[in-house]
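Notes for the structure review
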Amino acid sequence: MTTDTADGVEAVGVAPAADPGFLQRHGTTIEYVLIPGAALVGALAVFGVFVALFGKNPLDLYFYMYQGAFGTWFSWQNTLARAAPLILTALCTALPAQLGMVIIGGEGALLIGALAATGAALALPSMPPLVVQLAMVCAGMIGGGSWIMLSGGLRQYRGVNETISSLLLVYIALAILNHLVEGVMRDPASLNKPSTREIGAANMIGSIPGTDVHWGLVFGLIAAVASYILIYHTVFGFAARVAGGNIRAAKIVGLGVGKLIMTICFLAGASAGLAGMVEVAAVQGRTNANLAAGYGFTGILVAFLARQNPLAIIPVAILLGGISASGGLLQRRLGLPDASVQVLQGIIFAFVLASDALYGRIGFLKGKS
Amino acid sequence: MIIGETPLPAGALGVDAVAMTMRFGDFVALDNVALKVRPGTFHALLGENGAGKSTLVKCIMGYYHPTEGDVLVGGREQAIANPKDAHALGLGMVYQHFTLVPAMTVAENLVLARDDVPAVLEWTKEKKQLAAFLARMPFKVPLDSRVSDISAGERQKCEILKQLYLKRRFLILDEPTSVLTPGEADEVLGMLRDMVLGGDLTILMITHKFREVMAFADEVTILRRGKLAGHGKVADLTPDNMARMMIGAEELTIQPARVGGVGEARLELDKLSALDDAGAIAVRGVSLAVRGGEIVGIAGVSGNGQRQLVEVLAGQREAESGEVRVAGDIYRASREEMRRHKMSLLPEEPLKNACVGGMSVADNIAFREFDRAPFASGGWWLNRTAFRDDAEKKIAQYKIKTRTPDTPISALSGGNVQRTVLARELGGDVEVLIAANPCFGLDFAAVAQIHAEIMAARNRGAAVLLVSEDLDELLELSDRLVVMFHGQFVYEARASEADLTEIGRHMAGH
């Protein structure tokens, strides 16, 4: 019944061009704030029930979460330091999403990036710190970028689903990391926890002056803003949005879809690889299994909550960074298990995915055109 | 049923729709429309897309509940709450697209359509009954063949037989001939007309083909923009009268006359083959040359490889073997080649094939040029002002009805989406134009504009390949006509000398 849909479409076309009103003009934007916001509130409410089952007062919970995340200057710094890698790993999901791809392997690119950055630092023992740091940035980005490019290549040239391949590549990355850290790259002095040698205190990237927040946050902010500009203001981003919006339309105007996929995947992986470099050069000082802390996976959550918008990733990453920063306080004050915040993250993810069905269905936001 | 109520009359049923109004929100799809279909007549319902034909029949069938108005079946008011009620009254509908299960046989499809299929089927008994039923019918269909193995014409007959088997006495046909060759269409409609004359059946046919209305219908009702535009006996009307009622006072773009000579071969296909999505061969080694200043039309029943052929030319599908040459150079549908040869593509279903629904009208207009000045500064930075200026110019020039250039294109009607694609594809110089069903489902104004644009491109010296399922369109526009059947070009003629029966025969593969 094709005529039927034509009827519906026609209805939009012939409507009088009256002023559609505030809600209709900004309905979509409001939706993008309202729906994830409601999902977050819903998830917090369910988490409150979860905590109540442990015999704790949910109101205490919310208070301590706020305290632990944003209550003091100290907790703000803790939050921001955690937000930095989240911004970068979220971009690893959000950039390919512009092309319609679902990449969930940021954790793997982070690990490979960390390994590559550590390798670069250890290979340049007597160079000035700035050179070493630059080499680490390049190595981390190239390492992570190539890793996600593998997923892109498998998708473009072999038709392998990029979601599955990127996830599986996480486990391969972890295995490579363990293999190297317990083998050729192992520092003989690391006995209980096999690690590489330290990159050296001089090569650490340090903190933003006047704070305890490392420079990784600035890297993240720059990467997010640059991604936004790339997607919305450049020829490359336009081509990517065409291909992501409708691959058939991209082909009919002759856009090289393969090149777009490979480039976007490289940039996405480079971003997560940079997160790995930051974790090594600003936090850990060496590579070991500690790096697999789940930043890559939380980044997926951040990207989805931000509706894959590179700028929206910044506040969402800070929010999620805050939730993870509050974990310690919850443990100390409420005696909740350490993994509680991961339960909360899981609940948030479930709510965010479920809330996806609501877009365009909220009655009072719908344009009556 | 109320006890003591007189039963519905036997034989053909009449249906009246009285003062039907249907609103969807603020939009009035039907405005006080009356339709009177007398029992035992063949009634045509004419109207452009969006005129409200589908809405009206859906109200009759119980898919929609009209805002106001009543339906009278056999002269009595009936509350039809859902399609089941309509079926119980003896009303049936045949849809434009097939509703048979392809993997099952015709007999299985017929029996399974019944409301009272028993848990265990006695096939010997059922088959005997089916054979007896078929003996009374004017159509013959192979009961034991799988639906996937029979032709489109036979499938359409099965759909109609299914309705008769279910004892429907008032049948609504929604553009029943859109997938048939002219010969098949005449056969099916002729048999239905005989049944109507026999007094067993009433038919209400939705159509936009005047030829079928003139040849088969007794009466006609015409809708325009949700309102009744006219009705009467077909014998008292001419196609011109009816067209005027359908279009109203709207002015149509005048098609330029065919002028200019034929030039060099611009687009050449050489033993081109392509597969369909399932990996079966769809285009079988076709060769063709289209010269500048010439429109070559490709006719054929849908599903004979035309879609795959166009997809190869559009870069949406890899050729399996053979080659395409444009102006003598091998062509692989890259952006650089499309640009160098000034190629334009008007694919079918433009929203699905040539637009990004979520992006704005201005963005969609810029798809071909966004990476060049003035749209891109320095080859990489998007210049939004240029997007907007160009869009505003083309929206005015191509009469695209959109609220703003920033409106997402998915909010536009089908005709305006196609106009947007026209503006993009024909806004610059064109040397090769490939169009596939460019007017499918569009209203008269849009069709006239698109035909005029295609003819104008030809007159400017472009090589045009026009693939269409609409023979009238092909005969009107083409210089040469090629018939495609089973992935091959089986017939070629000059359009001015082409014979409709001959073309129909080749479309059906005889």
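Residues numbered from 1 in each chain as written. Chains lettered and ligands numbered in written order. Predicted model: local features only at pLDDT ≥ 70, side-chain atom pairs only at ≥ 80, totals over all residues.

Points about the overall build of chain A
Along the backbone of chain A there are 15 helices and zero strands. Principal axes of the C-alpha set define a box for chain A whose edges measure 75 × 60 × 35 Å. A burial count over chain A gives 49% of its 369 residues as buried. Once local pairs closer than 6 in sequence are excluded, the contacts in chain A between residues at least 24 apart make up 77%. (Helix = DSSP H or I, 4+ residues; strand = E, 2+ residues; numbered from the N terminus. Buried ≥ 20, exposed ≤ 12 C-beta atoms within 10 Å, placed from the backbone. Contact = placed C-beta atoms within 7 Å.)

Some points on the overall build of chain B
When its secondary structure is counted, chain B shows 17 helices and 22 strands. On C-alpha atoms alone, chain B measures out to a radius of gyration of 25 Å, which is about the 24 Å that the 2.2 N^0.38 rule sets for 510 residues. Taken over the C-alpha atoms alone, chain B extends approximately 85 × 50 × 45 Å along its principal axes. Burial status across chain B gives 47% buried among its 510 residues. Taking all contacts inside chain B whose residues are at least 6 apart in sequence as the whole, residues at least 24 apart take part in 69%. (Rg over C-alpha atoms; globule rule 2.2 N^0.38 Å.)

Points about the sheet that holds strand E1 (residues 15-24) of chain B
Residue and element names in this part refer to chain B. Strand order in the open sheet formed by four strands is E2-E1-E4-E5, and the pairing between neighbours is antiparallel. The open sheet is flanked by strand E2 (27-37) and strand E5 (76-78), the only strands paired with a single partner. For this sheet the average axis-to-axis angle between neighbouring strands, irrespective of direction, equals 30°. As paired strands, strand E4 (residues 68-73) and E5 are joined by three bridges and run antiparallel to one another. Bridge pairing in E5 links leucine 72 to glutamate 77. (Pairing = 2+ DSSP bridges. Axes fitted to C-alpha atoms, helices over the stretch in contact; angles between N-to-C directions.)

Remarks on the sheet that holds strand E14 (residues 321-326) of chain B
Residue and element names in this part refer to chain B. Overall, antiparallel pairing links the four strands, which are arranged E12-E11-E14-E15 in an open sheet. The sheet terminates laterally at strand E12 (281-291) and strand E15 (329-330), the two strands that pair on one side only. Direction of pairing for strand E11 (residues 265-275) relative to E12: antiparallel, over a ladder of seven bridges. Following the sheet pairing, alanine 274 is matched in E12 by valine 283.

Examining the confidence of the model for chain A
Chain-level statistics for chain A give a pLDDT mean of 87 and a share of 91% at 70 or above. Below a pLDDT of 50 lies the segment residues 1-20 of chain A, which in the model reaches 37 contacts outside its immediate sequence neighbourhood of four places, other chains included. (pLDDT = per-residue confidence, 0-100.)

Some thoughts on the packing of helix H5 (residues 106-123) of chain A against helix H7 (residues 162-182) of chain A
Helix-helix packing: each pair is described by the crossing angle between the helix axes and the interaxial distance. All names here are of chain A. Where H5 contacts H7, the axes come no closer than 7 Å and their chain directions differ by 25°. By the angle class used here, H5 and H7 are roughly parallel. Considering only the axes of H5 and H7, their crossing is left-handed. The segment H5 lies against H7, with Glu107, Gly108, Leu111, Ile112 and Leu115 engaging Leu169, Val170, Ala173, Leu174, Leu177 and Leu180. Broken down by class, the residue content of the contact of H5 with H7 amounts to nine nonpolar, one polar and one charged. (Parallel < 35°, antiparallel > 145°, perpendicular 65-115°, else oblique. Left-handed = near helix turned anticlockwise from the far one by under 90°. Nonpolar A, V, L, I, M, F, W, Y, C, P; charged D, E, K, R; others polar.)

Examining the environment of glutamine 284 of chain A
Residue and element names in this part refer to chain A. Among the structural elements, glutamine 284 can be located in helix H11 (residues 257-284). Owing to 21 C-beta atoms within 10 Å, glutamine 284 belongs among the buried residues under this scheme. In this view, glutamine 284 contacts Glu279, Asn290 and Leu291; residues no more than four positions away in its chain are not counted.

Some words on the pairing of strand E7 (residues 170-174) of chain B
Residue and element names in this part refer to chain B. The buried fraction of E7 is high, at five of five residues. In terms of strand pairing, strand E6 (residues 91-94) meets E7 through four bridges, oriented parallel. Directly across from methionine 93, in E7, lies its bridge partner isoleucine 172. Note that E7 and strand E8 (residues 202-207) share five bridges and pair parallel. Counterpart to isoleucine 172 in the pairing with E8 is leucine 204. After leaving E7, the chain enters helix H6 (residues 182-197) and then returns to the sheet as E8, a path that is right-handed. (Right-handed = clockwise from strand over helix to strand, strands pointing away.)

Observations regarding the domain arrangement of chain B
All names here are of chain B. Considered domain by domain, chain B is made up of domain 1 (15-247) and domain 2 (266-507). The C-alpha-based centres of domain 1 and domain 2 are spaced at 34 Å. Contact with domain 1, which involves nine residues of that partner, is made by 12 residues of domain 2. Residue composition of the side of domain 1 that touches domain 2, grouped by class: four nonpolar, four polar and one charged. (Domains from an automatic or database assignment.)

Focus: the interface of chain B and chain A
Every contact between the two is made by 47 residues of chain B and, on the other side, 30 residues of chain A. Sorting the residues of the side of chain B that touches chain A by element identifies E2, helix H1 (53-61), helix H10 (335-340), helix H11 (350-353), strand E18 (381-382) and helix H14 (414-426) of chain B as the ones contributing at least two each. Sort the elements by how many residues they give to the side of chain B that touches chain A and H1 of chain B lands first, with three residues. Looking at the side of chain B that touches chain A residue by residue, the class counts come to 21 nonpolar, 17 polar and nine charged.

Some words on unusual backbone geometry
Residue and element names in this part refer to chain B. With an omega dihedral of 0°, the bond running from alanine 373 to proline 374 counts as a cis peptide bond. Secondary-structure assignment places proline 374 in the loop between helix H12 (361-365) and strand E17 (376-377). Phi is positive for lysine 399, close to 55°, though the residue is something other than glycine. Considering the arrangement of structural elements, one finds lysine 399 in the loop between helix H13 (384-397) and H14. Residue classification places lysine 399 among the partly exposed residues on the basis of 14 C-beta atoms within 10 Å.

So, H14 of chain B
In this model, H14 of chain B (13 residues) spans 18 Å end to end at C-alpha, consistent with the 18 Å of a helix rising 1.5 Å per residue. H14 of chain B sits mainly inside the fold: 13 of its 13 residues count as buried. (Expected span 1.5 Å × (residues − 1).)

Some thoughts on the environment of arginine 340 of chain B
Examined against the element boundaries, arginine 340 of chain B turns out to sit in helix H10. Arginine 340 of chain B sits 247 residues away from methionine 93 of chain B along the chain, and the two C-alpha atoms are 51 Å apart.

A few points about the packing of H14 of chain B against helix H15 (residues 444-459) of chain B
All names here are of chain B. Where H14 meets H15, the closest approach of the two axes is 10 Å, and the angle between their N-to-C directions is 15°. Viewed along their axes, H14 and H15 adopt a mutual orientation that is roughly parallel. Crossing geometry of H14 relative to H15 is assigned as left-handed. Counted together, Gly415, Gln418, Arg419, Leu422 and Leu426 of H14 and Ala446, Ile450, Glu453 and Ala457 of H15 form the full contact between these two elements. Counted by class, the contact of H14 with H15 contains five nonpolar, two polar and two charged residues.

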